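# Coordinates in review
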Amino acid sequence: MELRGLGIWIGMTRAGFARAADIALPPLCLGCGRGVSAHGALCGPCWSQVDFMERPWCAVTGIPFPYEAGEGAVSAAALMNPPSYARARAVMRYSDRSAMLVHRFKYSDRMEAAPAFARWLLRIGADIAADADIVAPVPLHKRRLFSRRFNQSAELSRAFAGLSGLSNMPDLLVRVRATRPQVGLSGDQRRRNVAGAFRLGPGGEALVRNRHIVLIDDVMTTGATAESCARVLVAAGAREVSVLCLARVVPPGGASI
């Protein structure tokens, strides 16, 4: 009875602290900042404007098909130019609303979004996480990290690892060259921009060999950055590399067969 009473008291105390925290820091929509019922949530209007990725999609790139193509179907683009990663998945299509979510997290220090985004990543990548060994973020160059103060991909990786139970390796990859921002560059320019920009961190080869690595990033546009990172990991002996990101640019009409 005493233990049961102690458990009830602890539960009531935690609930009291949670209520006090909500009063001091009320939960706000991750998108627009309106009041919502719980932390890490979207209000109804913002939720309705986010285009979450759903099947059917290419089994490799994760880009949706415009129609049902059968389980395990692979797009023509992935067949003609197979990426170094085995699978990629994105939570939502890149749009004005998803860009707002990412930018608020990335540039406005909305760190409370990381646990919510990690839950979204796990929902879309549960099958990937079930077979993986290590989670690692796409790294920032040290100069950009200094100016931005944190790596948003590293925060996502840490939160995702906590939910999935996988080992988080924030320094598995390092960005050895300060690349120019990818915004506004063509596909070829993006690939040239990040070519040779990544290396394994100290002791990385022993960690990577025969392991399934999950790369975490915020946005995929052409996939050039993910491809460059995956090449390094595969060359070091990784069994498989998968990619999970918050948002991905989807070509008009989606993936084609």
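The structure reproduced in this document is the subject of the present report. (Residues numbered from 1 in each chain as written. Predicted model: local features only at pLDDT ≥ 70, side-chain atom pairs only at ≥ 80, totals over all residues. Heavy atoms only, no water.)

### Notes on the sheet that holds strand β6 (residues 212-220)
Strand pairs in the sheet, formed through backbone hydrogen bonds, run parallel or antiparallel to each other. Selection criterion: A pair of strands is considered paired only if DSSP assigns at least 2 bridges between the two. To qualify as a helix, a DSSP run of H or I must reach at least 4 residues; to qualify as a strand, a run of E must reach at least 2; elements of each kind are numbered from the N terminus. Note on contacts: a residue pair qualifies if any of its non-hydrogen atoms lie within 4.5 Å across the two residues. Structural elements are reduced to axes, namely lines fitted to C-alpha atoms, with helices fitted over the stretch in contact, and the angle between N-to-C directions of any two is expressed from 0 to 180 degrees.
In spatial order, the strands read β1-β7-β6-β2-β3; together these five strands make up an open sheet with parallel pairing. For this open sheet the edge positions go to β1 (87-93) and β3 (167-168), each flanked by a neighbour on one side alone. In terms of strand pairing, strand β2 (residues 134-137) meets β6 through four bridges, oriented parallel. What sits directly across from Pro137, in β6, is Ile216. Together, β1, β6 and β7 (240-248) form the strand contacts of helix α5 (residues 113-124), whose direction differs from that of β1 by roughly 130 degrees.

### Here we look at the pattern of salt bridges
Rules: Whenever Lys or Arg places a side-chain nitrogen within 4 Å of a carboxyl oxygen from Asp or Glu, that contact is recorded as a salt bridge. The buried label goes to any residue with under 20% of its type's maximum accessible area, the exposed label to any with over 50%, and the partly exposed label to all in between, with areas taken from a 1.4 Å probe on protein chains only.
Under the definition given, this model contains nine salt bridges. Linking Arg87 and Glu240 is a salt bridge whose minimum nitrogen-to-oxygen distance equals 2.9 Å. Of this pair, Arg87 sits in strand β1 while Glu240 sits in strand β7, placing them 153 residues apart in sequence. In this structure Glu240 comes out as buried when scored by relative accessible area, which is 18%.

### A word on α5
Because the α-helix completes a turn every 3.6 residues, residues three or four places apart line up on one side. Worth spelling out the cut-off: For a helix, the expected span equals 1.5 Å multiplied by the residue count minus one.
Spanning twelve residues, α5 covers 17 Å between terminal C-alpha atoms, matching the ideal 16 Å at 1.5 Å per step. Taken residue by residue, α5 has Ala113, Ala114, Ala116, Phe117, Ala118, Trp120, Leu121 and Ile124 as its buried positions.

### Side note on the packing of aromatic side chains
So the rule is basically this: When the centres of two rings from Phe, Tyr and Trp lie within 6.5 Å, Trp using its six-membered ring, the rings pair. Their planes under 30 degrees apart give stacked, over 60 give edge-to-face, and anything left gives tilted.
Tallied over the entire structure, the rule returns five aromatic pairs. Geometrically, the ring pair formed by Trp47 and Trp120 is edge-to-face, given 6.4 Å between the ring centres and 80 degrees between the ring planes. Of the two residues, Trp47 is situated in helix α2 (residues 44-49) and Trp120 in helix α5; the sequence distance between them amounts to 73 residues. Residue classification places Trp47 among the partly exposed positions, given a relative accessible area of 46%. Exposure remark for Trp120: the relative accessible area of 12% places this residue in the buried category. Every member of this aromatic cluster is reached through a ring pair, and the members are Trp47, Phe52, Phe105, Phe117 and Trp120.

### Points about the environment of His141
For His141, the location among the structural elements is in the loop between β2 and α7 (142-148). Separated by 33 residues in sequence, His141 and Val174 place their C-alpha atoms 7.4 Å apart.

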